[in-house]
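Chain residues, written in single-letter form:
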Amino acid sequence: MAAAMASAAERAVLEEEFKWLLQEEVHAVLRQLQDILKEASHRFALPTSGSGGAVRQENFVLSTSGTDQVKGVLTLQGDALCQADVNLKMPRNNQLLHFAFREDKQWKLQQIQDARNHVNQAIYLLMNRDVNYQFKTGSEVLKLMDAVMLQLSRARNRLTTPATLTLPEIAFSGLTKMFTPALPPDILVNFYINLNKLCLTVYQLHVLQPSTTKNFKPAGGSILHNPGAMFEFGSQRYEVSHVHKVECVVPWLNDALVFFTVSLQLCQQLKDKISVFSSYWNYRPY
């Protein structure tokens, strides 16, 4: 009898603690998450709808720890490269090429745009309920945390995992039409985000003559193609002869990645607390 009473008392205490968790701590965590993710969203420096505010421009100097074959300055405005000024030293004859974006052109960085959209979707999920709403089950909280974590993981992955592209896809990209003077036919360029860095890759190409004895094998998709990669574009076959990668650190991208990590940790901690309570009795998560 005493053991049964102790068990009942213990259960009552646990139920009170769980009720407090659902009514108080969950809402405190949700407010904290909202504050962190709003800061993350602000880091992307894009105007909210109807704000009408101009987005600041930031200049970044491209650099590499290796050679100085490629130098340049990029101007970033939110999710758009509004200017790229690049100098390329050709290794064959040390000829210096200069090319820059046409004044009427900007290049959208889809990775940044997508990451911010996922952050805003996470914020919407956190705020999409009446201010007086009370969670009644652990299942509700777990489902919400899973949905928020999915958006945050997608936001982080868009910045940490650049798209894999084939060389023909890079050649066909509208990026090749943005420069003045026009890029030579034996030069390809690609911009992408990798973690907290804005990267530029320049590919110098070698035309494969029909009489070549090389075994032609088109390269597949990759973030970075190595010398020797082959592809066909139009009616011509090419081989990559030189690859130059330069990059610049974008501090606010680093801030955003930190905010994503902290938010994911908060979500997981709340899920763990819910799961601990659920293991004591038949409050099942699903």
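Presented here is a report on the structure given in the accompanying data block. Just so it is clear, the structure is predicted and the values come from calculations on it, not from any experiment. (Residues numbered from 1 in each chain as written. Predicted model: local features only at pLDDT ≥ 70, side-chain atom pairs only at ≥ 80, totals over all residues. Heavy atoms only, no water.)

## Quick word on the overall build of the protein
Note the following rule: For the purposes of this entry, the term helix denotes a DSSP run of H or I that reaches at least four residues, the term strand denotes a run of E that reaches at least two, and both are numbered from the N terminus. Note on exposure labels: buried denotes an accessible area under 20% of the residue type's maximum, exposed denotes more than 50%, and partly exposed covers the range between, all computed with a 1.4 Å probe on protein chains only. Contacts are assigned to residue pairs that have any heavy atoms within 4.5 Å of one another. In these tables, accessible area is a Shrake-Rupley quantity obtained with a 1.4 Å probe, and a residue counts as shielded only by the protein chains included in the view.
Assigned secondary structure in the protein consists of five helices and 10 strands. When the 286 residues of the protein are sorted by exposure, 42% land in the buried category. Counting contacts in the protein only where the partners sit at least 6 residues apart, residues at least 24 apart contribute 68% of the total. As displayed, the protein offers around 15,300 Å² of accessible surface, 52% of which is attributable to carbon and sulfur atoms.

## A word on the packing of helix 2 (residues 110-127) against helix 3 (residues 138-160)
What counts is decided by this rule: Structural elements are reduced to axes, namely lines fitted to C-alpha atoms, with helices fitted over the stretch in contact, and the angle between N-to-C directions of any two is expressed from 0 to 180 degrees. Angle categories are assigned with fixed cut-offs, so that under 35 degrees is roughly parallel, over 145 is roughly antiparallel, 65 to 115 is roughly perpendicular, and the rest are oblique. Crossings are sorted by hand: turned counterclockwise from the far helix by less than a right angle, the near helix makes the crossing left-handed, and turned clockwise it makes it right-handed. Any residue that is not Ala, Val, Leu, Ile, Met, Phe, Trp, Tyr, Cys, Pro, Asp, Glu, Lys or Arg is counted as polar, Gly included; the first ten are nonpolar and the last four charged.
Axis separation between helix 2 and helix 3 bottoms out at 8 Å; the angle between their running directions is 165°. Regarding the angle of helix 2 to helix 3, the classification is roughly antiparallel. In this structure, helix 2 meets helix 3 at a crossing whose hand is left-handed. Within the contact between the two elements, helix 2 uses Gln110, Gln111, Ile112, Asp114, Ala115, His118, Val119, Gln121, Ala122, Leu125 and Leu126 and helix 3 uses Leu144, Met145, Ala147, Val148, Gln151, Leu152, Arg154, Ala155, Arg158 and Leu159. Here the contact of helix 2 with helix 3 is built from residues that sort into 13 nonpolar, five polar and three charged.

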